[in-house]
Amino acid sequence: MKHSKYYYDYTRNRDDVSELKDNPIPNYYIGNTYGYEARKVCEDWDLSYNIGTAVTYLLRSSYKHDSPYDCIQKAINHLQFELDKLNNREQ
């Protein structure tokens, strides 16, 4: 099967390939109630890279690590990157 240039092989660089065949996307990227996948939500809303990344970090913040602090800080950083990009356009 031919994949688009945006295809990401989740089995690359992973030792637990057998687990990935059953569920190739880590659970912290999929919502509990409706099963929405974070990247698809960002794609559906046509978010820029920085905003989409910030949203993804926020969506997973309570699930990936023991504390949401690091993911929230990363989201803030990406929002700042987006603001910097917007400020550069206005100059």
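First, a word on scope: everything that follows refers to the structure included in this document. Note that the coordinates shown come from a computational prediction; the quantities given were computed from them, not determined experimentally. (Residues numbered from 1 in each chain as written. Predicted model: local features only at pLDDT ≥ 70, side-chain atom pairs only at ≥ 80, totals over all residues. Heavy atoms only, no water.)

This part takes up unusual backbone geometry. One non-glycine residue with positive phi stands out, namely Asp46, at about 55°. Relative to the helices and strands, Asp46 is located in the loop between helix H2 (38-44) and helix H3 (49-60). (Helix = DSSP H or I, 4+ residues; strand = E, 2+ residues; numbered from the N terminus.)

On the surface, a nonpolar cluster with roughly 240 Å² of combined accessible area is contributed by Leu58, Ile72 and Ile76. Given the relative accessible area of 34%, Ile72 is considered partly exposed. (Patch = residues over 30% accessible without salt bridge, like charges linked within 9 Å, V, L, I, M, F, W, Y side chains within 5 Å. Areas by Shrake-Rupley, 256 points an atom, 1.4 Å probe, with all protein chains shown as cover. Salt bridge = Lys/Arg side-chain N within 4 Å of Asp/Glu carboxyl O. Buried < 20%, exposed > 50% of the residue type's maximum accessible area, 1.4 Å probe, protein only.)

In this section: the side chain of Glu82. Looking at where Glu82 falls in the secondary structure, it is placed in helix H4 (residues 69-90). Residue classification places Glu82 among the buried positions, given a relative accessible area of 9%. Other than its neighbours up to four places away in sequence, Glu82 contacts Ser48, Asn50 and Ile51. (Contact = heavy atoms within 4.5 Å.)

Attention now moves to the pattern of salt bridges. Inspection of every chain in the model, using the stated rule, returns 3 salt bridges. Lys85 is paired through a salt bridge with Glu82; the nearest N and O atoms lie 3.5 Å apart. Taken together, the positions of Lys85 and Glu82, both in helix H4 and 3 residues apart, correspond to about one turn of that helix. Several salt bridges converge on common partners, so that one network encompasses Glu37, Arg39 and Lys40.

So, on to H4. Between its terminal C-alpha atoms H4 stretches 32 Å, which fits the 32 Å expected from 22 residues at 1.5 Å a residue. Buried residues of H4: Cys71, Ala75, His78 and Glu82, and no others. End-on, the buried residues of H4 take up no more than an arc of 65°, which puts them together on one face. Seen from the open side of H4, the exposed residues pointing more than 90 degrees away from its buried face are Tyr69, Asn88 and Glu90. (Expected span 1.5 Å × (residues − 1). Arc of directions from axis to C-beta.)

Counted according to the given criterion, the structure contains 1 aromatic pair. Here Tyr34 and Tyr36 contribute two aromatic rings whose centre-to-centre distance is 5.7 Å and whose plane-to-plane angle is 25°, an arrangement assigned as stacked. (Phe/Tyr/Trp six-rings, centres within 6.5 Å; stacked < 30°, edge-to-face > 60°.)

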